[in-house]
Amino acid sequence: MSASPLTPLDYIAEGYWQDFLAGRPIAGGIAYETELRACMLDESLESLQRIDTLLSQVRRDMIKSGIWDETTLLVDERYRNFMMFLAFYAGRVLAQQWQSKPHWYGQFELRKRYPELALVTDDFYQHMAVGYDDSVGKERLFFALEPIGLRLFGHIDRQFDAVQGGQVESGLYQAVSLKLPTILSNDVHSVSELTAHKVTTHKATTHQVTESIAPSADLNTHVGTSQLNVPLNKPEEVSIGAEHNQANVVPPESESSIKPELTKVAQPTAKPTSPVKNTSTPEMFTQLLVELDEITVPQPTGDMQYQQARKVLDQFEQHIAKQNKSRRQVIFSDDHIAAKNKALLLLQAAAEDGNTAAMLRLAMYELLGEGLTADSDNQKKSGVEWVNQAASKNDSRAQRLLSKMYYQGVGVSQDIDSGKYWLEQAADNGHTEAANLVQQWQQAEMLLTTQKQEQHSTKRYQLLIGAIIAVALLIIIII
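From a predicted model like this one, the values you see are computed outputs, not experimental measurements.

Draft legend 1. Main features of the overall build of the protein. From N to C terminus, the protein includes 19 helices and three strands. Within the protein, the fraction of its 479 residues that count as buried is 52%. Expressed as a percentage of contacts within the protein between residues at least 6 apart in sequence, the contacts between residues at least 24 apart total 70%. Accessible surface, the protein: about 22500 Å² in total, of which carbon and sulfur atoms supply 53%.

Draft legend 2. Representation of the packing of aromatic side chains within the structure. If you walk through the whole model with that rule in mind, you get 13 aromatic pairs. A centroid spacing of 5.1 Å and a plane angle of 70° characterise the contact between Y125 and F160, whose relative ring orientation is edge-to-face. In this pair, Y125 sits in the loop between α6 (107-113) and β2 (128-133) while F160 sits in the loop between α7 (145-153) and α8 (172-177), placing the two residues 35 residues apart along the sequence. Both residues of the pair, Y125 and F160, count as buried. Measuring from ring centre to ring centre gives 5.0 Å for F316 and F332, while their planes differ by 65°; the resulting arrangement is edge-to-face. One end of the pair, F316, is in helix α13 (residues 303-321); the other, F332, is in the loop between α13 and α14 (334-352), with 16 residues separating them in the sequence. F332 sits in the buried class, given a relative accessible area of 13%.

Draft legend 3. Highlighting helix α1 (residues 8-21). For α1, which comprises 14 residues, the first-to-last C-alpha distance of 20 Å matches the rise-based estimate of 20 Å (1.5 Å per residue) to within 8%. Residues of α1 that are buried: L9, D10, A13, Y16, W17, D19 and F20. Just downstream of α1 lies G23, where phi reads positive at about 75°.

Draft legend 4. Highlighting the pattern of salt bridges. Evaluation of the coordinates by the stated rule reveals 16 salt bridges. In this structure, R92 and E43 form a salt bridge, with 3.2 Å as the shortest nitrogen-oxygen distance. Placement of R92 in helix α5 (residues 77-97) and of E43 in the loop between α2 (33-37) and α3 (45-65) is noted, with a sequence separation of 49 residues between them. Residue E370 pairs with R327 through a salt bridge whose shortest N-O separation is 2.7 Å. Pair noted here: E370 is in the loop between α15 (356-367) and α16 (376-392) and R327 is in the loop between α13 and α14, with a separation of 43 residues, a long-range link. One exposure class covers both E370 and R327, and it is buried. Three or more residues joined by partner-sharing salt bridges are found here, namely D293, R310, D314 and R361.

Draft legend 5. Examining the nonpolar core more closely. In terms of nonpolar packing, the biggest core is built from 58 residues, with L48, F82, M83, F85 and F142 touching the most fellow members. Of all the secondary structure elements, the ones that give two or more residues to this core are α1, α3, α4 (70-75), α5, β2, α7 and α8. Element by element, the count of residues in this core is highest for α5, at 13 residues. Core analysis: the second largest hydrophobic core is formed by 41 residues, L313, I320, L367 and Y406 among them.

Draft legend 6. Up close: the layout of surface pockets. Estimated volume of the largest pocket: approximately 540 Å³. Lining the largest pocket we find 24 residues, and of these D69, E70, T71, F153 and R158 sit closest to its centre. Those elements that place two or more of their residues in the lining of the largest pocket are α4, α7 and α19 (432-478). The residue inventory of the lining of the largest pocket, partitioned by class, reads seven nonpolar, nine polar and eight charged.

Draft legend 7. Main features of the sheet that holds β2. Taken in spatial order, the three strands make up an open sheet running β1-β2-β3, and their pairing is antiparallel. Each of the sheet's edge strands pairs with one partner strand only, and the pair in question is β1 (103-106) and β3 (139-142). With strand direction ignored, the average angle separating the axes of adjacent strands in the sheet is 35°. Direction of pairing for β1 relative to β2: antiparallel, over a ladder of four bridges.

Draft legend 8. Just the packing of α3 against α5, in detail. The geometry of α3 relative to α5 is characterised by a closest axis approach of 10 Å and an angle of 160° between their N-to-C directions. In terms of their interaxial angle, α3 and α5 are classed as roughly antiparallel. Two packed elements cross with a definite hand, and for α3 against α5 that hand is left-handed. Mapping the contact onto sequence places L45, S47, L48, I51, L54, L55 and M62 in α3 and Y79, F82, L86, Y89, A90, V93 and Q97 in α5.

Draft legend 9. Focus on the packing of α16 against helix α17 (residues 396-408). The interhelical angle for the contact between α16 and α17, taken along N-to-C directions, is 135°, at an axis separation of 8 Å. Here α16 is positioned oblique relative to α17, judged by the angle of their axes. Here the hand of the crossing between α16 and α17 comes out left-handed. Residue-level inspection shows V384, V387, N388, A390 and A391 of α16 in contact with α17, the latter providing A398, Q399, L401, L402 and M405.

Draft legend 10. Highlighting the pairing of β2. Buried residues dominate β2, accounting for five of its six residues. Judged from the four bridges that link them, β2 and β3 form a sheet pairing that is antiparallel. Paired with V130 across the two strands is F142, which belongs to β3.

Reading the values: rules and limits
- Residues numbered from 1 in each chain as written.
- Predicted model: local features only at pLDDT ≥ 70, side-chain atom pairs only at ≥ 80, totals over all residues.
- Heavy atoms only, no water.
- Helix = DSSP H or I, 4+ residues; strand = E, 2+ residues; numbered from the N terminus.
- Buried < 20%, exposed > 50% of the residue type's maximum accessible area, 1.4 Å probe, protein only.
- Contact = heavy atoms within 4.5 Å.
- Areas by Shrake-Rupley, 256 points an atom, 1.4 Å probe, with all protein chains shown as cover.
- Phe/Tyr/Trp six-rings, centres within 6.5 Å; stacked < 30°, edge-to-face > 60°.
- Expected span 1.5 Å × (residues − 1).
- Salt bridge = Lys/Arg side-chain N within 4 Å of Asp/Glu carboxyl O.
- Core = buried A, V, L, I, M, F, W, Y, C linked by side-chain atoms within 4.5 Å.
- 1 Å grid on protein atoms, 1.4 Å probe; cavity = no way out; pocket = protein on both sides within 12 Å on 5 of 7 lines; lining within 4 Å.
- Points joined across faces, edges and corners; volume = space filled by probe spheres on them.
- Nonpolar A, V, L, I, M, F, W, Y, C, P; charged D, E, K, R; others polar.
- Pairing = 2+ DSSP bridges.
- Axes fitted to C-alpha atoms, helices over the stretch in contact; angles between N-to-C directions.
- Parallel < 35°, antiparallel > 145°, perpendicular 65-115°, else oblique.
- Left-handed = near helix turned anticlockwise from the far one by under 90°.

Here it is as structure tokens:
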């Protein structure tokens, strides 16, 4: 593919970046500019992890503030500029990894150079792409807006289809990592682990970390090198964005929340996101972990046991999220497994006492095949029973999870009507995201009803006109 002159988007991308570096306001205005500057955009792969964290925080804050509406926000120039700036930056980082210069194309240039692409004219996420040369000088494309859109707005009823085929990745770090040169791509998770190791070294002593993990369990902080490459770090708060259909997984993030365009985001350098799409924790469970932290449901009993178990289990989840492999391929020592089982027993005790948070956390491990139940069939059955029990206690988190399970056929037979029922129950009990989805569903139903009524009225009008014409012809014939 021959090189082409600079496009208007090339000038815009460079202008955005130079304004940002100089500390000048970005042309046209940009949402969350203060928060972006707190992300340390140093053109490194790690900076994309910090951006993913910011995007998840923005998503959660929009949901809480009741402004989580994709169509409305895309009309706002400042939000569009925010997303375009992130896309320009991700393209810059990716091209730099290939030792190439990023070259941006709008849809006009894309249609001329790549006529095989099935571009949708009014799709914001397909209106531009970055081109970069690989090791043999062949130009490759990256539609950087797609993972940004998924991170901010993706959910079960809002799927994102990649224009180049396949799945849209759940964040910029994942998307860029998968497009790295082969050697760099193989080393991605090693870099992530090295970062985690530096963070652990920076924190107090090994004994302090060990004591903070599980004071009641005989758990060593470090594991033999044949089993784990890095120590399990001190538990952090878990927070995930983006819901979708059993595919894209969004990794653990910082708990700190922000208000739109106002509150400064703390630098989230200590929590690298999962680098590859092979992470096997389904999104419904990563989102559940967020909701268990963010949505408060009063618990009459079992809270102390739940919190003790959570400290240990969060440690395991954070380590798994960093691995470039499926959950089942992550190997732990016997001591670690024993500690996890003790934590699960604490969860079970709390769940049996009526603690719905413990029920949901225990259900997650049963449905993942990592619970206390012996065989896989009974594990799924046990997991579904715990979710049902929590949902029957009007825990909106359980009701939302149950709706996803029915929509996706996880642990139960797929049943859209049951999924909708539990979605409505969650909305009635104050689940913000469920309420937004129900509202969108109702608006869609009203639109369909209106269209049917209009079609019916049009048909009656046409019949009436036809009858009048027939009578007129009859009169003419008689006369």
